[in-house]
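Observations on chain architecture
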Amino acid sequence: METNQFKELDIKPEILKAITYMGFEEMTPIQAQAIPVELEGYDVVGQAQTGTGKTAAFAIPILQKVNPKLKKPQAIVICPTRELAIQVADEIRKLAKYLSSIKVLPIYGGQEISKQIRSLKSGVQIVIGTPGRIMDHMRRKTVKFDEISTVVLDEADEMLDMGFREDIETILSEIREDRQTLLFSATMPKPILELTRCYQRNPKTIKVVRKELTVPNITQYYYEVRPKNKGEVLCRLLDIYDPKRSVVFCNTKKGVDELVEELQGRGYFAEGLHGDMKQTMRDRVMRSFRNGKTDILVATDVAARGIDVDDVDAVFNYDLPQDEEYYVHRIGRTGRAGKAGMAFSFVVGREVYKLRDIKRYCKTKIKAQPIPSLNDVTETRVEKIFDRLNSYIENQDLGRYINMIENFVNEKDYTSLDVAAAFLAETLGNNEGRDTRGQDDFGDTGAEEGMVRLFINIGKRQGIRPGDILGAIAGESGIPGNLVGTIDLYDKYTFVEVPRDVASDVLEAMKNAKIKGKVINVEPANRK
Ligand code: ADP
Ligand code: MG
């Protein structure tokens, strides 16, 4: 292939139209190399990192080949997880948008099998499934294998990691031998090569070379940290860089759970994803991350691999990955589609050597950075406040306010700088030297010593949990979650205690806040 353009390919105009509609301009390297070979009918072993368009690399030739008049499965894609099966099915459906009479169906565990059987009977040509569920249908003879001419093993390395080897072999041995077998994987460990040897015929190996593995527009930093400070450093980085969506990688499931708890406790919208979680739970977490309800996804490698979410602004290697190649896959979650991304790695003690290996292997620059101080965090917050002020000064008529300040300044013999500085301190929640009189305005709210009890007009009936209250208060007011005291949930309302000296900030911040999408009203509680 001399050029990278899809239109150079000899494929159906309907497919080209869909590609244009999807906004793909150029083929990714794996597509440019694999598609022509696949169209010629060769078996292919394709290796390229996550997010490089492997799905379209096998889906386009499948769609080119599929016979719309034949109402039987003609291609089967085997995927490690339900989430991926759904994702792949969606991508194929998009590519098939302008082809008539092509049916695409994902089949996976957890969904009622009778429903899938009914759909299969309606003449599905392309089946995407998890190994277990495909076997299930095989045994029930609800998937007819006799017309299958293409088999895809997608994310093959992960399927082997998850122990699907035997299932895959069973499935492959049921499918006619003159089929085309395509295998895609981000890594190529030995067991995959064995699979290839046994189940593919003279495959063409296509590997997107390592140099292209790293994405150039990812800024990569590392921090030398002590294990017990990791959480704190993470929070400072989150506050400073303020990524809208980030993925934090831990090496263990336990690590994921503990970090999620810590982050939630500090008021961040974080959720965990790992292999021990039920599928429905994982789906819920992914949905919430996709639609922006969750800002921070904390995950293990296996749980996060292959999941395609665009617009991840930052990746954190909370634990340095065990495998060098994983580093590339992890950071490949950000900086997609030409956007800039950031990757932050935490390094403990001798792990600097591991980091050196990663740098060599990936031929990439990972720059050492000092751990940001609390002052740095404040500075960033101040910068953001100044940014907001810019737009006030430029877009609003401030005449009325200038008069008020003028009067105040003249009356008290302050300078306008004094006043501006006081406003800044107030906005930052810096209460040093604050007048204590105002604090008593709350009267007795029935709270613990030093706290104020607040009333919120929302409760269990609205599906509110303590974490929602905590998250909203910490999130809106910027006070650390651990300062929030007792939360008492009732059916229709909630009481929550906050420190007296930040109570007015919290009240102010909560004025326009919503909890779970509901407008709320917060006020100091009345002692009965
Ligand atoms: P992989 O399977 O390699 O991890 P995917 O197939 O899930 O990657 O693709 C990742 C994202 O890139 C998807 O959103 C897909 O629609 C998009 N994509 C695929 N091919 C192209 C292309 N040629 N140009 C732009 N975006 C593409
Ligand atoms: Mg994929």
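Below is a short write-up of the structure. (Residues numbered from 1 in each chain as written. Chains lettered and ligands numbered in written order. Predicted model: local features only at pLDDT ≥ 70, side-chain atom pairs only at ≥ 80, totals over all residues. Heavy atoms only, no water.)

1. Considering the overall build of the chain
The line we're drawing: In this description a helix means any DSSP run of H or I spanning at least four residues, a strand means any run of E spanning at least two, and both kinds are numbered starting from the N terminus. In this analysis, two residues are considered to be in contact whenever any of their non-hydrogen atoms come within 4.5 Å of each other.
Scanning the chain from terminus to terminus reveals 20 helices and 20 strands. For the chain, restricting intrachain contacts to residue pairs at least 6 apart in sequence, the fraction spanning at least 24 positions comes to 75%.

2. Observations concerning the sheet that holds strand β7 (residues 204-207)
Selection rule: Two strands pair under a simple rule: DSSP has to find at least two bridges between them. Between N-to-C directions, angles cover 0 to 180 degrees, with each direction set by a line fitted to C-alpha atoms, over the stretch in contact for helices.
The strand order across the open sheet built from seven strands is β3-β4-β2-β5-β6-β1-β7, with neighbouring strands paired in parallel fashion. The open sheet terminates on both sides in strands that have one partner only, identified here as β3 (104-107) and β7. The sheet shows a mean angle of 15 degrees between the axes of neighbouring strands, direction not considered. Bridge count for strand β1 (residues 44-47) against β7 is four bridges, and the pairing is parallel. Across the sheet, residue Gly46 finds its bridge partner in β7, namely Ile206. Packing against the sheet, helix α3 (residues 54-65) makes contact with β2 (75-78), β4 (126-129), β5 (150-153) and β6 (180-185), and its axis sits at approximately 165 degrees to β6.

3. Brief notes about unusual backbone geometry
Threshold: Accessibility here uses a 1.4 Å probe with only protein chains present; expressed as a share of the type maximum, an area under 20% marks a residue as buried, one over 50% as exposed, and anything in between as partly exposed.
In this structure, Asn202 is a non-glycine residue whose phi angle is positive, near 40 degrees. Relative to the helices and strands, Asn202 resides in the loop between α9 (190-199) and β7. Judged by its relative accessible area of 68%, Asn202 falls in the exposed class. The phi angle at Asp242 is positive, at roughly 50 degrees, despite the residue not being glycine. Tracing the sequence through the fold places Asp242 in the loop between α10 (230-241) and β9 (246-249). In this structure Asp242 comes out as partly exposed when scored by relative accessible area, which is 46%.

4. Some points on the pattern of salt bridges
We apply this condition: Between Lys or Arg on one side and Asp or Glu on the other, a salt bridge is scored when a side-chain nitrogen of the former is within 4 Å of a carboxyl oxygen of the latter.
Tallied over the full model, the rule gives 23 salt bridges. A salt bridge links Arg453 to Asp488, with the nearest nitrogen and oxygen atoms 3.2 Å apart. Of the two residues, Arg453 is situated in strand β15 (residues 451-456) and Asp488 in strand β16 (residues 487-489); the sequence distance between them amounts to 35 residues. Salt bridges sharing common partners tie together Glu232, Arg236, Glu262 and Arg266.

5. Comments concerning the packing of helix α17 (residues 399-412) against helix α18 (residues 416-428)
Heads up, the condition is: Angle categories are assigned with fixed cut-offs, so that under 35 degrees is roughly parallel, over 145 is roughly antiparallel, 65 to 115 is roughly perpendicular, and the rest are oblique. Note on convention: the crossing is left-handed when the near helix lies turned anticlockwise from the far helix by less than a right angle, right-handed when the turn is clockwise. Each residue is assigned to one class: nonpolar for Ala, Val, Leu, Ile, Met, Phe, Trp, Tyr, Cys and Pro, charged for Asp, Glu, Lys and Arg, and polar for all the others, Gly among them.
Running from amino to carboxyl end, α17 crosses α18 at an angle of 110 degrees, the nearest separation of the two axes being 9 Å. Between α17 and α18, the angle is such that the two are roughly perpendicular. As for the relative orientation of α17 and α18, their crossing is right-handed in sense. Every residue of α18 that contacts α17 at Ile405, Phe408 and Val409 is listed here: Ser416, Val419 and Phe423. Among the residues forming the contact of α17 with α18, the class breakdown is five nonpolar, one polar and no charged.

6. A look at the sheet that holds β16
Read across the sheet, four strands follow the order β16-β17-β15-β20 without closing on themselves; strand pairing throughout is antiparallel. Looking at which strands have only one partner, the edges of the open sheet turn out to be β16 and β20 (522-524). Strand-to-strand twist in this sheet, taken as the mean axis angle between neighbours without regard to direction, amounts to 25 degrees. Contacts between helix α19 (residues 466-477) and the sheet are confined to β15, β16 and β17 (494-499), with β16 contributing the most and set at about 130 degrees to the helix.

7. Points about the packing of helix α2 (residues 29-39) against α3
Orientation of α2 relative to α3, taken along the N-to-C sense of each, is 25 degrees, at an axis distance of 9 Å. Relative to α3, the element α2 is oriented roughly parallel. Between α2 and α3 lies a crossing of right-handed hand. Two secondary-structure elements touch here, α2 through Ile30, Gln31, Ile35, Glu38 and Leu39 and α3 through Lys54, Ala56, Ala57, Phe58, Ile60, Pro61 and Gln64. In the contact of α2 with α3, the residues fall into eight nonpolar, two polar and two charged.

8. So, the state of the cysteines
The line we're drawing: Disulfides are defined as pairs of cysteine sulfur atoms found within 2.5 Å of each other.
Tallying each qualifying case throughout the model produces zero disulfides. Cys250 provides the cysteine sulfur closest to Cys235, a residue in no disulfide bond, and the two sulfurs are 12 Å apart. Here Cys235 falls in the buried class, since its relative accessible area comes to 3%.

9. Overview of the site of ligand 1
Counted only if it meets this: We call a residue near a molecule or strand whenever a single non-hydrogen atom of that residue lies within 4 Å of it. Here a polar contact is recorded for every N or O atom pair within 3.5 Å, except that within protein the pair must consist of a potential hydrogen donor and a potential acceptor, and residues adjacent in sequence are included only if both atoms are side-chain atoms. Here, Shrake-Rupley sampling with a 1.4 Å probe gives the accessible areas, and only protein chains in the shown set may cover a residue.
Near ligand 1, the surroundings consist of 16 residues, among which Glu26, Gln31, Gly51, Lys54 and Thr55 are the closest. Interatomic distance of 2.8 Å between a side-chain N/O atom of Gln31 and a nitrogen atom of ligand 1. At 2.6 Å from an oxygen atom of ligand 1 is found a side-chain nitrogen or oxygen belonging to Thr55. A total of 570 Å² of accessible area belongs to ligand 1 in isolation, and the protein chains cover 82% of it. The class makeup of the residues in the shell around ligand 1 is three nonpolar, eight polar and five charged.

10. A look at a nonpolar patch on the surface
Stated precisely, the cut-off is as follows: The patch calculation keeps residues exceeding 30% relative accessible area without a salt bridge and links them within 9 Å when they carry like charges or within 5 Å when they are nonpolar (Val, Leu, Ile, Met, Phe, Trp, Tyr).
Residues Phe386, Leu389, Tyr392 and Ile393 make up a contiguous nonpolar surface patch of roughly 410 Å² in combined accessible area. Looking at the element boundaries, Tyr392 is found in helix α16 (residues 374-395).

11. What to know about the pairing of strand β11 (residues 296-299)
For a regular strand, the rule is simple: side chains alternate between the two faces of the sheet. So the rule is basically this: Consider the strands pointing away from the viewer: the crossover is right-handed when the path from the first strand over the helix to the second runs clockwise.
Residues Ile296 and Val298 line one face of β11 and the alternating positions Leu297 and Ala299 line the opposite face, and both faces are buried. Pairing analysis gives four bridges linking strand β10 (residues 270-273) to β11, with the strands arranged parallel. Bridging from a neighbouring strand, Glu271 pairs with Leu297 of β11. Between β10 and its parallel partner β11, the chain crosses via helix α12 (residues 279-290), and the hand of that crossover is right-handed.

12. Considering helix α11 (residues 253-265)
Let me state the cut-off plainly: Multiplying one less than the number of residues by 1.5 Å gives the expected span of a helix. In this description, the arc belongs to the directions extending from the helix axis to the C-beta atoms.
Between its first and last C-alpha atoms α11 spans 18 Å; for 13 residues at 1.5 Å apiece the expected length is 18 Å, and the two agree. Turning to α11, its buried residues number three or more, namely Gly255, Val256, Leu259, Val260 and Leu263. Buried residues in α11, looked at end-on, bunch into an arc of 130 degrees, giving them a common side. Turned more than 90 degrees from where α11 packs its buried face, Lys254 and Glu261 sit exposed. Its buried side turned inward, α11 meets α10, β9, β10 and β11.

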